[in-house]
Structures are given as C-alpha cells and as structure tokens.
Amino acid sequence: VQLQASGGGLVQPGGSLSLSCAASGSMFGINSMGWYRQAPGQKRESVATATSGGSTYYADSVKGRFTISRDYAKNTVLLQMNNLKPEDTAVYYCNYYTPRLGVDYWGKGTQVTVSS
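Notes on the structure in this doc start here. All residue numbers refer to position in the chain's written sequence, counted from 1. The model is predicted, so local features are restricted to residues of pLDDT at least 70 and side-chain atom pairs to those at 80 or more, both for listing and for counting; the totals for chains, interfaces and linings are taken over all residues. Only hydrogens and water are set aside when side-chain values are computed; all heavy atoms of the structure are taken into account.

A few points about the environment of T56
- Within the secondary structure layout, T56 lies in strand β6 (residues 56-58).
- Accessible area is worked out with a 1.4 Å probe on protein chains only. A residue is then buried under 20% of its type maximum, exposed over 50%, and partly exposed in between. T56 sits in the partly exposed class, given a relative accessible area of 39%.
- Linking T56 and D104, residues 48 residues apart in sequence, is a C-alpha distance of 18 Å.
- Ignoring any residue separated from it by four or fewer positions in sequence, one finds T56 in contact with T49, A50 and I68. By definition, any uninterrupted DSSP run of H or I lasting at least four residues is a helix, any uninterrupted run of E lasting at least two residues is a strand, and each is numbered from the N terminus. What makes two residues a contact is simply this: any of their non-hydrogen atoms within 4.5 Å.

See the structure below:
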C-alpha cells in the first residue's frame, strides 16, 4: 500500500487547513485510514481514524475541531482542521492499517504549523 499525502502549511491560530491522503495498491478486507502527528520531542499520536466499517475516532484534543472523512471508492481520506491552535503544530502522517496482517503503512509526513 502506498500513501500520498498533501496539504498542510502555515496558518494563524483559529485558522483552518485540510490534509488529504490517497491510498493505492493491494487493499482489501477490514482496514482503517487516518492521521497521526508528531511534534518535536514528542511521541507520534493518533489524531483521527476512519474505519472501513464507517466508524470514526478522534483524539480528545481535536474533538469538535477536526473532521475526518473517507471516500471508500477513491481510497482517499480527508482531514479538515478548524480552529487550529499552536499545540496542533506537528508533522502529520497518513496511516493505513490492516488488522488482518497487523501492518501499518505510512505516508510521508506533512508539516502543519500554527503560529501568529
């Protein structure tokens, strides 16, 4: 599975950004796609996930501000980030996970910087 991410950039606090990720390759069965982030000196953390069954999960820190949506026909996932805060600054990584194989696939990270 290959993941191609796009989006990100610099935005002022309170602003919005969107991240998009397209998956290609051999994908079948139960899976999830989502976004993780890693700030300097911090561990990588899950931000939002959308499963093949239609469920979505969010980190508490982004609930009410971020929305994940998935196009199952196009194998894409979009993360809409609103009301961004400086603490959202991090490198964001697209993720595809297949529990049957227990394998995580990662896209290249994209920088999101929230600063005035």
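Structure's up, so let's keep going.
Looking at the nonpolar core
- Buried Ala, Val, Leu, Ile, Met, Phe, Trp, Tyr and Cys residues form a nonpolar core when they are joined through side-chain atoms within 4.5 Å. The biggest cluster of nonpolar side chains holds 27 residues, and the ones touching the most others in it are W35, L79, M81 and Y92.
- At the level of elements, β1 (2-7), β3 (17-24), β4 (32-38), β5 (45-51), β7 (66-71), β8 (76-81), β9 (90-98) and β11 (110-114) are the ones that each hand at least two residues to this core.
- Once residues within four sequence positions are removed from consideration, L79 is found in contact with L17, S18, L19, W35, V47, A48, F66, T67 and I68.

Function cannot be read off these values alone, since they describe shape.
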